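Each chain is listed here by its residues.
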Amino acid sequence: MRPLLASAVAVLLLLGLTAPASAQGLPRIPLQLELRVGASVPTGEFAERDPGIGARTGPRLEAGGVFRLTPLLGIFGGVSRGEFACSACTGVGLDDRVVDTGGNAGLEASPGLRLGGLAPWLRVGAVVQQLTFTGEGERLVSPAALGYQLGGGVVVPVRGPIRLRPGAHYRSYPAELDLGAFGGRTVDVAHLTLDLGISVHF
Amino acid sequence: MRLRPLLPLLVLTVGLTAGCRDVPPTSPRLQARVAGLFEEAALLPVGASLTLTGANAQAVFLDGGPEGAEFLYLPFSAATAGSISLTVLGGNVLPPAAPASLGLGAGAAGGPALSAGPLPDEDFHRALRERERRELARLRTPGERPAATRERSVLAQRVPAVGERTRINTSLDFCLDPVWRDARVAAVTERAIVLHDLANPPGGFTDAQYQAIGATFDALLYPVSVRNFGEPTDIDGNQRVVIFYTRAVNELTLDELRLVRGGVLLRARPDPARRGAGDRPLPGSNEAEIFYMLAPGAGGGFPDGGPPDPDPRHRDPRVPAPDQRLAADLRERRRDAGGGLAGRGAQPRRRGAGLLRGLGAGAAAEPRPGRPPRLAAGARRRQHLPGPERPALHRLPGDRDRGLADGAGRPGDPRLRVGLLRYVADQRGAPETPFFFQLVNSRTSGIQNLSRVLERDPLDLMRTWSAAVLTDDAVPGLPPLLTQPSWNFRSVVPALRTASDFPLQVEPLQPETERQVTLTAGSAAYLRFRVGANQRAIIVANPDGAPLAPTLRVELVRVR
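In this text the structure is predicted, and so the values were computed from the model without any measurement.

### Brief notes about the packing of helix H4 (residues 207-229) of chain B against helix H10 (residues 432-440) of chain B
All names here are of chain B.
Then comes step 1: Interaxial distance between H4 and H10 falls to 7 Å at its minimum, and their mutual angle equals 80°. Classified by the angle between their axes, H4 and H10 sit roughly perpendicular to one another. Taken together, the residues of H10 that come into contact with H4 (itself represented by Arg227, Asn228 and Phe229) are Glu432, Thr433, Phe436, Phe437 and Val440.
Then comes step 2: Tallied by class, the residues present in the contact of H4 with H10 amount to four nonpolar, two polar and two charged.

What follows is the structure, given as structure tokens:
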């Protein structure tokens, strides 16, 4: 419940900060809220199997915001949830998917270039993620682990404050699995996400 | 907007803290399954086996293959004393589909009994051998040996005729306090002189039957014995062994123990080669090679004779009381060992692998009227569980109190010795006669003796033998070490009337359920489980991370 609670508080705060400002004609707060949908492609050890998880491509949903410090630089933060098909999981009696959840934050740069009306953006930041296995109604969740992400894309103006933001992200973090009597395992969870974002600029 | 400067911090905080979720507790069941993702799993063909030692025994991953597989997990204590404990946990395993005993279960009704009836009193045998060593050592001490002679026996230096009579000392008191019995020569063969006690009950064997016994001894026992163990001594100079059927043996069986004492062989004088020049026979020495045998119809384990009458007023005055001193010794030993037979009224121990016992002497008796009802095999077994929830799984190497070897390194169970030595002889791939000869003609005993003859650690063979008893003739594709070349137990056992399960206690390994195992020295446990098709399983020893005993060996066999 903590991610949902934190997100709700954040949204309320942002709305509380931005709505009065707009209503009173005060200078607009340089904030954008964003929703991203895409697919994540696992790479490296995360995709290996026999032994390994054998993760396969799955959907991803993200929500977040960017606070623009300057026209060229902003701070972003958000939460994401991705599912990966797990090709090896059924062989050990687990559900056929693993879930990757967590938050991310960092810097977003917009060079100010225009390529045929499209403005590129770049992101670099940290992720705090967890990997979850399920089976027979139980969950095994790795502790939150710190990783990194790199991303980039373009901004496509749609109408008014609405923008489309297609992009790609690479994320990596070490998921440390406590398997009790069966020892511990650390899996390098890495994946490339291709997604499409829609943002509202305040 | 005072809060506006906080917005960047808020964005960062939300992003980074949103990933911090509580980690719920996870059951070993799920942990085991996840662990199965990260290790190479062994995909064994049917009949193949793995031997796990040291750290390798901590965890093993198994692949069920496209059709699923069934395994036997056999932890074995390669120690000669003490006991070890371990916990076994199977992740993503399934209970075995077939009966846990690999099909060695109920036998046909009407066959000879395998596990019912009196059990041989092996403590009596051991106590006799120990006392024999002690007494002989004492008799070799100068001044300890009384000089006395007795009248010359008809057995000495000549071959008696059928019908001749003599006197035989039946005391177990090492010739110092003889109890004489009148005996008659019933048969004389090339290698045997068969006597019967004149005090035996009427209706016993006829002379013709005694003659047949002597002929069997000549044809079967003597040549096998000589071929493998060498020529026997001949202190009476008649080139024969005396076989004496006497009720004195029957009376050795103490009803309170409900364990039969099937015969006596007592060495009551020093080896001739070590006798002093002045040594003369002891007062009660029979000065002959004699087997003392149970007499038919005289009780003491025979179905038609009933138990010995405990009332001394009803005892035949010609028949001495059983050797109470030896019985007292046995009781004392059992008390010291903490065994379950310390006193009158104690329940009998269930002996371990009754197979060889059953083949050799199990046909001895049915439960007799008037005795307390004998417990079912399973009930007897449960009496010996080390705790209410910890079944002792080891069964094959003998009783769970002693296991393979006692503290002195002596194999603890004659049945064990027989079965194991037969297996070892088969597996050596060399002529067996020298093997047995060297074993018998040795100044060491037990494991040390076997190790000396084999020139390798016999406990390795004991481990594979423990598995082979179960796998032989039941699993295809076995390596030779997991077979029993001289026995087909699965052919023999079903023809016998057994308890509801074969004496080997094979337990299913339940999914993600810890199984406590206690292994006495030289003993094994038998756990079976299945791995589903295209599934992986993990078997962990001591999942709490406790170090494994260095003497632990695990034999893992794919049985189906």
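### Considering the state of the cysteines
Between two cysteines, a covalent bond joining their sulfur atoms is known as a disulfide.
Residue and element names in this part refer to chain A.
Then comes step 1: A full pass over the atoms with the stated rule returns one disulfide over all chains.
Then comes step 2: A sulfur-sulfur separation of 1.9 Å characterises the disulfide bridge that pairs cysteine 86 with cysteine 89. Taking the sign of the torsion about the S-S bond as the criterion, the disulfide between cysteine 86 and cysteine 89, at about 80°, is right-handed.
Then comes step 3: Since its relative accessible area comes to 0%, cysteine 89 is described here as buried.

### Topic: the side chain of Thr134(A)
Then comes step 1: Considering the arrangement of structural elements, one finds Thr134(A) in strand S6 (residues 119-135).
Then comes step 2: Ignoring any residue separated from it by four or fewer positions in sequence, one finds Thr134(A) in contact with Leu94(A), Asp95(A), Arg97(A), Arg139(A) and Leu30(B).

### Here's the deal with the interface of chain A and chain B
Then comes step 1: Across the contact, 60 residues belong to chain A and 43 residues belong to chain B.
Then comes step 2: When the two sides are added together, the surface that chain A and chain B hide from each other amounts to roughly 4,400 Å², 68% of it contributed by carbon and sulfur.
Then comes step 3: A salt bridge links Arg536(B) to Asp50(A); the nearest nitrogen and oxygen atoms lie 3.1 Å apart.
Then comes step 4: Joining chain A to chain B, the criterion identifies eight residue pairs in polar contact (both at pLDDT 80 or more).
Then comes step 5: Taken together, the elements giving at least two residues each to the side of chain A that touches chain B come down to helix H1 (2-23), strand S3 (58-68), strand S4 (73-86), strand S5 (97-109), S6, strand S7 (138-141), strand S9 (162-178) and strand S10 (184-201) of chain A.
Then comes step 6: Class assignment of the residues belonging to the side of chain A that touches chain B gives a composition of 34 nonpolar, 18 polar and eight charged.

### With respect to the packing of aromatic side chains
Residues and elements named next belong to chain B.
Then comes step 1: What the rule picks out here adds up to eleven aromatic pairs over all chains.
Then comes step 2: Ring plane angle 85° and centroid distance 5.7 Å describe the contact between phenylalanine 205 and tyrosine 245, whose orientation is recorded as edge-to-face. Of the two residues, phenylalanine 205 sits in the loop between strand S8 (192-197) and H4 while tyrosine 245 sits in strand S9 (residues 241-245), which places them 40 residues apart along the sequence.
Then comes step 3: Using a relative accessible area of 32% as the deciding quantity, one classes phenylalanine 205 as partly exposed.
Then comes step 4: For tyrosine 245, a relative accessible area of 8% gives the class buried.
Then comes step 5: Summarising the aromatic geometry, the rings of phenylalanine 244 and tyrosine 292 are spaced 6.1 Å apart at their centres and angled 65° between planes, so their arrangement reads as edge-to-face. Note that phenylalanine 244 is positioned in strand S9 and tyrosine 292 in strand S12 (residues 290-293), a separation of 48 residues in sequence.

Cut-offs and rules
- Residues numbered from 1 in each chain as written.
- Chains lettered and ligands numbered in written order.
- Predicted model: local features only at pLDDT ≥ 70, side-chain atom pairs only at ≥ 80, totals over all residues.
- Heavy atoms only, no water.
- Axes fitted to C-alpha atoms, helices over the stretch in contact; angles between N-to-C directions.
- Helix = DSSP H or I, 4+ residues; strand = E, 2+ residues; numbered from the N terminus.
- Parallel < 35°, antiparallel > 145°, perpendicular 65-115°, else oblique.
- Contact = heavy atoms within 4.5 Å.
- Nonpolar A, V, L, I, M, F, W, Y, C, P; charged D, E, K, R; others polar.
- Disulfide = S-S within 2.5 Å.
- Buried < 20%, exposed > 50% of the residue type's maximum accessible area, 1.4 Å probe, protein only.
- Buried area = accessible area lost by both parts, 1.4 Å probe.
- Salt bridge = Lys/Arg side-chain N within 4 Å of Asp/Glu carboxyl O.
- Polar contact = N/O pair within 3.5 Å; in protein donor to acceptor, adjacent residues only side chain to side chain.
- Phe/Tyr/Trp six-rings, centres within 6.5 Å; stacked < 30°, edge-to-face > 60°.

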